[in-house]
Each structure stands twice: as C-alpha cells, then as structure tokens.
Amino acid sequence: MHMRKAGGFGLSLALALSGGLGFARSAPSEFRVPKILSRTAAALGQTGHPSHRLTMRTFRLVEHAIAAVNPHADQQSSKFHRLIDVLVLEINAGALPPGFLWKRFLGQSRINDEGGLPELALASHAHETPINFQIGAYNYMLSWAQSYLAIKAAGSPRLLEAYGKALIRLNMENLFAGYWDTGIASRTEKQLLGSHLRKWLLSNPPAWVIAHNARLRHLFRDYYHDAVRMADYYTMTPTLKPMQTLINRSDDRLPRADVAHVLAGITGLRALISKEQYDNRWTLANLLWKFLCLAKARHNKPAAIQIETYIQSWKNRTKRWYLRRWLSEALTTPGKAPWRVWSPPIEVRLLHKP
C-alpha cells in the first residue's frame with residue numbers, strides 16, 4: 001500500500017492498521033440512521049457511498065487512535081498525531097458513512113452504563129491488549145485530536161476548514177453526549193463577522209466551519225433546540241426533585257401517591273422527546289431502572305410492582321428496538337439503590353451589599 005501525506009507527516013496505512021483488529025456486531029437491520037447525521041455530512045460536502053473495505057479501514061484507524069492515547073501524558077505521542085493526520089484525510093474523503101460508528105455505540109449501550117457511556121469491547125490481535133471502544137474513550141481521543149489540530153492550523157482558514165470538517169463528522173457520530181460548542185450556530189451574521197469572535201474562531205476548527213456554513217448552522221440550531229428541551233435543568237427538576245425526596249426519606253417508605261407523581265413526571269418528559277433524541281430516551285429508561293432499584297433495595301413490593309407495570313406498559317407501546325431493549329434491561333438488571341438523581345442549583349450570595 002502506498003504512502004499518503006498528511007500535513008507534513010507520512011504514515012503507511014498498512015503500518016498504521018496492522019494488527020487485524022476485529023469489530024463487534026452492529027445494530028439490528030431495522031435500525032435507521034438519524035437524519036441529522038446524513039444532513040450534516042451533506043452540508044459538509046461529504047456525499048457518496050464508500051466501499052465496506054474503505055469504511056473498515058477508517059474504523060480501524062479510529063480504533064488505533066483511541067489505543068494510542070496516553071491518559072497520563074501532558075501531550076500525545078507523534079504516533080497519535082500521525083494517526084489523526086491520516087484520519088482527517090480519510091474522513092474528508094468520505095470514508096465514514098453517516099452513523100457507522102454511532103450504530104455501534106447504540107447497539108452496545110446498556111441501561112446501567114456508567115454515566116450513560118455505551119461501551120463496545122473490540123476483539124484485538126492475539127498479542128495486543130483489547131481495546132474498549134467506548135464513547136468516553138472516543139470523546140477523550142477527539143478532545144486530544146482537536147487540541148492538536150487547532151494548534152497545527154495556527155489561524156490558517158484552509159487548515160481550519162479541513163480539520164473542522166473532519167472533527168464535526170467525528171463528533172456527530174456520538175449523539176449520546178455531543179461535547180463541542182454548538183452555541184456558535186445561534187450567533188447572528190453580525191456577531192460572526194465581529195473581530196472578537198473571529199479571533200476565537202481562528203483557534204477552533206469546528207466552530208470555524210459552523211460559522212462559515214449557513215446550512216450547517218441552520219441544521220444545528222434546529223436540532224439542538226429540540227435536543228435540550230427535556231435535558232434542561234428546570235424541565236427535569238419537577239420530576240427529579242420528588243424522586244430525590246423519596247431517596248432521602250429516613251423511614252424508607254415509598255408512598256403510592258408519591259411514586260405515581262414521579263411516574264407522571266416521566267410521562268410528561270417523554271412527550272418532549274423528538275424522534276431522534278436517543279440519548280434522552282436512554283436517560284428516562286435509566287431513571288426508571290434506578291427508581292426500580294430503589295424499590296427493590298427497600299423490599300417494597302407494591303412500589304416495585306407499580307414501577308414495573310409502568311416500564312412494561314412503555315415497552316409494549318414503543319416500536320423502537322433499542323428502547324425495548326433498554327426497558328427490558330430496566331426490568332431485569334440488578335443494581336444498587338441510587339443516592340442522588342437531583343441536586344439543587346448552586347446559590348451565590350454577595351458577602352457585602354453593593
């Protein structure tokens with residue numbers, strides 16, 4: 001295989017991808033990729049259908065980039081940087097079809113995943129350490145990649161465009177916990193052209209691309225407006241605070257009316273979730289699992305039956321395979337009683353009157 005150049009570094013793909021890493025099964029065949037992923041790719045000019053061989057080569061590049069991250073280092077190795085250089089070329093050449101990585105995150109997610117981070121354990125070469133292809137590890141890799149690429153771009157619009165496009169595509173593969181700043185999508189044209197904001201944009205490849213792509217800004221503005229409706233602190237509090245009150249009770253009772261009040265709140269939150277909000281559905285399924293764990297830990301059979309009936313009813317009504325699986329896990333997965341599901345806002349007081 002020939003050598004490809006990336007920003008001054010050369011890396012043989014045969015060398016980078018040696019080891020024959022395997023991959024776990026994808027989501028079921030009825031799974032549909034969220035439209036936001038394909039629309040984002042189209043807005044970035046990344047259309048087409050790469051071959052399976054090319055896609056798997058890129059997938060293994062991502063595996064190796066994750067494995068190359070040293071979590072204890074102040075900066076990453078030249079090997080990691082070379083892998084990122086090649087990955088940028090691959091992504092911008094259209095080698096990653098929308099939803100390819102994300103389907104695996106969704107397919108392997110579990111109701112009791114720590115912090116809502118689905119994990120995909122990959123079979124590696126016989127002589128290598130197994131890789132945990134996990135959203136947490138994936139995002140950690142991307143944060144290092146963005147830091148490296150931002151420094152490398154050094155205010156160059158051409159490089160910011162190339163690096164930003166690749167980072168946005170990689171970021172969009174994780175709809176469970178998008179971590180980069182999409183607030184730029186809500187800025188006005190006047191703000192985007194201002195000297196103060198331009199200085200910041202010259203140091204942030206994804207923000208640079210979003211700021212200079214009106215179609216992308218429109219997509220993100222609409223999508224994330226819907227995405228935050230349920231996740232907003234003040235929207236969740238009327239449901240989470242009563243549940244926290246039950247957790248904090250000294251007598252360990254779970255009155256039927258109070259349990260019903262929490263479940264009614266969850267029903268209200270369900271109504272706020274739009275079609276593509278997979279992460280918000282996981283959040284509610286996880287919350288129900290914790291609520292059931294609380295009832296079981298207190299050996300409160302009436303409350304447990306009340307919660308189980310609610311979960312089973314939702315499971316019977318939904319046609320979404322992943323939600324059915326999460327709700328099935330909520331009914332059967334053992335777990336400890338939660339100690340916190342809600343926290344009061346931080347209260348700031350002035351020491352002296354102005």
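Cut-offs and rules
- Residues numbered from 1 in each chain as written.
- Predicted model: local features only at pLDDT ≥ 70, side-chain atom pairs only at ≥ 80, totals over all residues.
- Heavy atoms only, no water.
- Helix = DSSP H or I, 4+ residues; strand = E, 2+ residues; numbered from the N terminus.
- Buried < 20%, exposed > 50% of the residue type's maximum accessible area, 1.4 Å probe, protein only.
- Contact = heavy atoms within 4.5 Å.
- Areas by Shrake-Rupley, 256 points an atom, 1.4 Å probe, with all protein chains shown as cover.
- Core = buried A, V, L, I, M, F, W, Y, C linked by side-chain atoms within 4.5 Å.
- Axes fitted to C-alpha atoms, helices over the stretch in contact; angles between N-to-C directions.
- Parallel < 35°, antiparallel > 145°, perpendicular 65-115°, else oblique.
- Left-handed = near helix turned anticlockwise from the far one by under 90°.
- Nonpolar A, V, L, I, M, F, W, Y, C, P; charged D, E, K, R; others polar.
- 1 Å grid on protein atoms, 1.4 Å probe; cavity = no way out; pocket = protein on both sides within 12 Å on 5 of 7 lines; lining within 4 Å.
- Points joined across faces, edges and corners; volume = space filled by probe spheres on them.
- Phe/Tyr/Trp six-rings, centres within 6.5 Å; stacked < 30°, edge-to-face > 60°.
- Lys NZ or Arg CZ within 6 Å of the ring centre and 35° of its normal.

Undergrad: Go over the overall build of the chain, please, and point to the residues and values.
TA: For the chain, the count of helices and strands is 16 helices and four strands. Out of the 354 residues belonging to the chain, those deemed buried represent 49%. Partitioning the intrachain contacts of the chain with sequence separation of at least 6 by distance along the chain shows that 76% fall at a separation of at least 24. Surface summary for the chain: the accessible area is close to 18100 Å², and the carbon and sulfur share equals 55%.

Undergrad: Hey, could you go over the nonpolar core for me, with residue numbers and the actual values?
TA: Formed by 102 residues in total, the largest nonpolar core has its most connected members in Ile84 and Met141. No other element matches helix α14 (residues 278–297), which puts 12 residues into this core. With residues near it in sequence (within four places) discarded, Ile84 still touches Ala65, Met141, Ala145, Tyr148 and Leu149.

Undergrad: Would you mind going over the packing of helix α15 (residues 301–317) against helix α16 (residues 321–332) in detail, with residue names and values included?
TA: For the pair α15 and α16, interaxial distance at closest approach is 9 Å and the crossing angle is 165°. Judged on the interaxial angle alone, α16 and α15 are roughly antiparallel. Regarding α15 and α16, the two cross each other, and that crossing is left-handed. Residue-level contacts link Glu308, Ile311, Gln312, Trp314 and Lys315 of α15 to Leu323, Arg324, Leu327, Ser328, Ala330 and Leu331 of α16. By residue class, the composition of the contact of α15 with α16 is six nonpolar, two polar and three charged.

Undergrad: Describe in detail empty space enclosed by the protein, supporting the description with residues and values.
TA: Taken as a whole and assessed by the stated rule, the structure comprises one cavity of 30 Å³ or more. Each pocket or cavity is described by its volume, and for the largest cavity that value is around 50 Å³. For the lining of the largest cavity, the secondary-structure elements that each account for two or more residues are α4 (78–92), α6 (135–153) and α7 (157–172). Counted by class, the lining of the largest cavity contains nine nonpolar, no polar and no charged residues.

Undergrad: Describe the environment of Arg198, listing the residues and the values that go with them.
TA: With respect to the element layout, Arg198 can be found in helix α9 (residues 195–201). In this structure, the C-alpha to C-alpha distance between Arg198 and Trp208, residues 10 residues apart in sequence, is 8.5 Å.

Undergrad: A description of the environment of Ile135 should follow, citing residues and the corresponding values.
TA: Mapped onto the elements, Ile135 comes out in helix α6. Using a relative accessible area of 0% as the deciding quantity, one classes Ile135 as buried. With 39 residues separating them in the primary sequence, Ile135 and Asn174 have C-alpha atoms 7.2 Å apart.

Undergrad: A description of the packing of aromatic side chains should follow, citing residues and the corresponding values.
TA: Enumeration over the complete set of coordinates arrives at seven aromatic pairs. The interplanar angle of 80° and the centroid separation of 5.5 Å between the aromatic rings of Phe59 and Phe100 together place this pair among those described as edge-to-face. Linking Phe59 in helix α3 (residues 52–68) with Phe100 in helix α5 (residues 100–108), this pair joins segments that are 41 residues apart in sequence. Using a relative accessible area of 0% as the deciding quantity, one classes Phe59 as buried. Looking at Phe100, the relative accessible area reads 9%, which means it is buried. With a centroid separation of 5.9 Å and 90° between ring planes, the pair formed by Trp321 and Tyr322 is classed as edge-to-face. For the pair formed by Trp321 and Tyr322, the shared burial category is buried. Aromatic ring contacts, followed pair by pair, group Trp102, Tyr278, Trp321, Tyr322 and Trp326 into a single cluster. Between Arg104 and the ring centre of Phe59, over which it is positioned, the NZ or CZ distance is 5.4 Å.

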